[in-house]
Amino acid sequence: MTTTLLPARRKDQPRDARLADRRSRQDHPSWFLWPALAMLVIFFFTPTIYNFVYAFTDWSSFKSEIGFVGFDNFVKLLQNGSLLSDLRVTLIYAILVAIFQNLFGLGLALVLERDTRINRFARAAFFVPVIMSALAVGYVFQAILKPDGVLNNFLTTLTGGEVSIPWLGSTTWTIVVVAIIHAWKWMGLSMLIYLAGLKTINEEVIEAAQLDGAGYWRIFKAVRWPLLAPAVTFNFATALLGSMNGFDIVQATTAGGPGGSTELLNIFIFRTFGQGLFAQATAMSLVLFLVVALLAFPVIIYLRRRERVL
Amino acid sequence: MRKSIAGLAAAAAFAVVAAGCSDPTTAEAPDSSSSAGGEMAAEQWPAQDTSREGVTLTIWAAQNSTQTAESVATEFEELTGATVDIETIPDPYEQSIQTKVATGDMPDLAFWQPTASMLTALNAKTNLQPLDGAPWVDSYTGSLADMTGLLDGTRYAALVTTPAVEGVYYNKDLFEQAGITETPSNWDEMIEDADTLKAAGITPFYEMAADRWATQWWVQVQLADAAADGLWDRVNANEETFTDPTILGAIENYKSLIDDGYFNDDIKTATFIDQGNALLDDEAAMVMQVNSYFGQLQSLSDSATLDEKVGFFPISPSGNVGTFIPDQSNAVVAFATGDDEREATARQFLSYWLGDGYQSFVDTVETVSLQDGVESPAGVPMALQEVAASLDNSVGSMQALAIANPDLYIYLADMIQGTKTPQEVAEATQQQFAEFAAAQGAAGF
C-alpha cells in the first residue's frame with residue numbers, strides 16, 4: 001500500500017527525477033510489506049472475514065456440524081426486540097460518552113495548558129486512568145457507588161443527613177453515571193490531544209486578538225475553539241465510535257442492569273455467545289460493525305466539513 | 001504491485017474462509033467405539049488402583065468448586081502414580097468452558113451442571129465419555145441415580161455432592177417472635193405466615209434483584225406441582241409455553257407479592273451478600289434460595305449458631321415438595337479426548353472418587369453422603385441435612401428438566417426494576433427458549 005503514496009510518474013519529468021524515483025522504489029522493496037501484511041491478514045482480516053461468514057451459519061455449541069442458513073439469523077434478530085433496544089442503548093451511551101469525554105478533556109487541557117511543573121505532574125496523573133484496566137476501573141467505581149459505598153458515606157458526612165442514593169440502581173440515570181465513568185477513564189487521552197491542538201495555535205493570532213481587546217472567553221470562543229477543530233474531529237469521532245464498542249466498564253459496573261437499561265449490544269453479544277449460540281452472536285457483532293461503519297461516515301464527514309469552514 | 005497485494009489478500013482470505021467452515025471439535029471427534037463398547041467391562045471400568053504412572057489428568061473447576069476435588073485428587077495420585085492437575089477456570093465458568101470446548105480445547109474431566117440442558121450445551125454426544133454401567137451408580141441413595149446426569153438415556157455426568165434444592169431458608173428467632181411454631185406445609189400457609197410476620201412488623205421475604213440470579217427460584221417453586229405433572233415435557237415439545245397460564249401465572253403471583261410489600265424495601269439494589277446478612281441480622285424472616293446461599297451463611301457465621309438460628313423447608317403450591325437444581329459443583333463429566341489411556345484414567349479416577357475414596361471425600365469436604373454405605377460426617381449443618389432429606393420427593397427445576405435454560409432470572413430482575421411486565425418476561429423467556437431449542441434441532445421448534 002505504501003506504493004500508492006509515491007507520486008505518479010509523469011512523462012514530462014526530467015530524467016534525474018525519474019532516476020530518483022526509481023531509487024526510492026528500490027529503497028522500499030515490496031517484500032518489506034509482507035511481515036506487516038501477514039500480521040494484518042492473520043489478526044485483522046481473518047477475524048473480520050470469519051465474522052462475516054459465521055453470521056450466515058447455524059454454528060452453535062449444541063451440535064458439531066455447521067451449515068449455512070442464509071439470512072435466518074438476521075431475520076430472527078430483527079424480529080427479536082432485544083437487538084433494537086440494545087442498539088438504542090448503545091447509541092445513547094456512545095453519545096453521552098462522546099460529550100462527557102470531550103467536555104472533561106477540553107476542560108483539563110485548558111486548565112493544564114501552561115507548562116508549569118505542577119501542570120506537567122497533573123497531566124501525567126490524569127493520564128493514568130487511560131492505561132488502567134477498564135475492568136479494574138469498573139469494579140472500583142462499582143464499590144464507590146454502592147448504596148453503602150464511599151460516595152454516599154462522603155455525602156452523608158457532608159450533608160449531615162443520611163444519603164443512600166443507589167447510583168447504579170436507576171433505570172433512567174444509571175446509563176449517564178456509567179457513561180461518566182467511561183469518559184473519566186478516557187478523558188486523559190482527549191486532554192492530550194486537545195493540549196496538542198492548543199499548542200499548534202499560533203501565538204501571534206492570540207496576541208492580535210488580545211491587542212484588539214478580546215478577553216479570555218472571547219478569544220476562546222472566536223479564535224481558539226475554531227482552530228481546535230481538527231482535535232475536536234479526532235476526539236469526538238474516536239470517543240463516539242470507540243464507545244459504540246464499549247463493554248468492559250459496563251460489564252464490571254452494572255452488567256447491563258438495572259432492568260436492561262445499560263445493556264450495550266456487546267453485553268448482549270457476550271451473553272448470547274456464552275450460551276452457545278455462536279452464530280447468532282456473530283450475526284449481532286456483524287450488525288454492530290455495520291452500524292458503527294454507517295455512523296462513522298456521516299459523523300466524520302460532518303466534522304471534517306466543519307474544519308473546512310476555517 | 002497493488003493488484004498482487006489485493007490478490008494475495010483475497011487468496012489468504014479465501015483460504016481462511018475455506019478452513020473456517022468446519023467445527024474444530026469434529027476434527028477431534030473421538031473413537032467412541034473404545035469408550036462406548038459395553039462388552040469389555042473390565043477395560044471400560046479399570047480397577048481403582050490400576051497403576052497410571054506418567055499419566056496426567058487435567059480437571060477444570062470453577063472458583064467455587066476448585067477445592068472440592070483437591071483431597072481426592074491427592075489420594076488418587078498416591079494410589080496410582082498419576083498426576084492430577086486441577087485448573088481453575090475464571091467465572092463466568094460455563095461460558096468459558098463452552099467457548100473453549102467449541103474451539104477444540106478440552107480437559108480430561110470438568111465440573112459441570114449435570115442437567116440435560118447443560119449436557120446438550122456441551123454437545124455431550126460428541127465431546128463427553130458415556131458413563132453407562134459405572135460401578136458406583138448402584139450405590140446411590142434413593143432415586144439419585146435417575147435424577148440427573150442423563151441425556152437421552154445415556155449417563156454423561158457423575159454426581160459427587162448433593163444437588164441443590166430450591167426452598168426456603170428461615171430465621172427461627174423471627175418465626176418464634178411472631179408466634180409461628182410450625183413451618184408451613186404448603187404455599188397458602190406460607191403466605192399466611194408471611195401475613196402474620198408482616199403484622200408483627202417483620203419483613204417476610206428478602207430478595208436480591210441487583211444480583212438477579214435468585215429471582216427465578218420464586219417462579220420455579222410455584223411450578224413444582226406442574227413439573228411433577230409433566231410441565232417441562234410439554235414445554236420441551238412446544239405444546240405449552242412460558243406465556244401460557246401456568247408459568248405466566250407464577251410470574252404474576254411473584255410480582256403481586258412484591259407489589260403487596262412482602263419483600264424488603266431495597267429489593268432493587270439488594271445483593272446476594274445483603275441477602276445473607278439480612279437473614280442473620282433479623283432483617284427478614286425468609287429467603288427463597290439454593291444450597292450456595294447456605295454456603296454464604298457459613299462464611300458469615302459458625303455451624304452452631306446456624307443450627308440454632310437458620311432452618312430450611314421445601315415448598316410447593318400443594319405441599320413441601322422441593323425443586324432440585326443440580327449445579328456445576330455437584331457433578332463431574334469426563335471428556336472424550338481421543339487419548340485411550342487418559343480416557344480410561346479419567347473413568348478410573350471417577351470410580352475411585354465414588355468408590356474407595358468416597359468416605360474420605362465426604363469427610364474432608366464435610367458434605368452429605370450420596371451413598372448408602374457411606375456415612376455423612378458429623379459436622380454437616382442441620383439445614384444442609386434437611387436439604388438433602390428433601391431431595392427424595394423433590395421434582396426437577398427448569399434447569400433439570402427443560403431442554404434449554406433461558407435467562408428467566410434476568411427478565412424477572414428486569415420486571416422488579418420496572419422495565420418489563422410479567423407478560424413481557426414470559427414472552428422474552430419463551431422467545432429465547434425457542435431459539436435454543438431450534439439451535440439444538442429439537443422437534444416442534
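Residues numbered from 1 in each chain as written. Chains lettered and ligands numbered in written order. Predicted model: local features only at pLDDT ≥ 70, side-chain atom pairs only at ≥ 80, totals over all residues. Heavy atoms only, no water.

### Some details on the nonpolar core
All names here are of chain B. By size, the foremost hydrophobic cluster in this structure holds 150 residues, and its most contacted members are Trp136, Met190, Trp232, Met286 and Trp353. Counting residues domain by domain, this core receives three or more from each of domain 1 (35–163 + 327–374) and domain 2 (164–325 + 394–440). If sequence neighbours within four positions are ignored, Trp232 has contacts with Leu223, Ala227, Phe242, Ile247, Gly396, Ser397, Met398, Leu401 and Ala402. (Core = buried A, V, L, I, M, F, W, Y, C linked by side-chain atoms within 4.5 Å. Buried < 20%, exposed > 50% of the residue type's maximum accessible area, 1.4 Å probe, protein only. Domains from an automatic or database assignment. Contact = heavy atoms within 4.5 Å.)

### Details of the pairing of strand 12 (residues 331–334) of chain B
Residues and elements named next belong to chain B. Residues Ala331 and Val333 point to one face of strand 12 and Val332 and Ala334 to the other, with burial holding for every one of them. Relative to strand 12, strand 3 (residues 109–111) is paired through three bridges, and the arrangement is antiparallel. For Phe111, the partnering residue across the bridge sits in strand 12 and is Val332. The pairing of strand 6 (residues 157–159) with strand 12 spans three bridges and is antiparallel. Bridged to Ala157 within strand 12 is Val333. (Helix = DSSP H or I, 4+ residues; strand = E, 2+ residues; numbered from the N terminus. Pairing = 2+ DSSP bridges.)

### Some thoughts on the domain arrangement of chain B
Residue and element names in this part refer to chain B. Examined at the domain level, chain B breaks down into domain 1 (35–163 + 327–374) and domain 2 (164–325 + 394–440). Taking only C-alpha atoms, the centre of domain 1 and the centre of domain 2 are 30 Å apart. Between domain 1 and domain 2, the contact holds ten residues from the first and 13 residues from the second. In total, domain 1 and domain 2 occlude about 850 Å² of area from one another, counting both sides; carbon and sulfur atoms represent 56% of this. Viewed at the interface, domain 2 and domain 1 are joined by zero salt bridges. Where domain 1 packs against domain 2, one counts five residue pairs in polar contact (both at pLDDT 80 or more). With three residues, helix 7 (residues 116–121) is the largest single contributor of residues to the side of domain 1 that touches domain 2. (Buried area = accessible area lost by both parts, 1.4 Å probe. Salt bridge = Lys/Arg side-chain N within 4 Å of Asp/Glu carboxyl O. Polar contact = N/O pair within 3.5 Å; in protein donor to acceptor, adjacent residues only side chain to side chain.)

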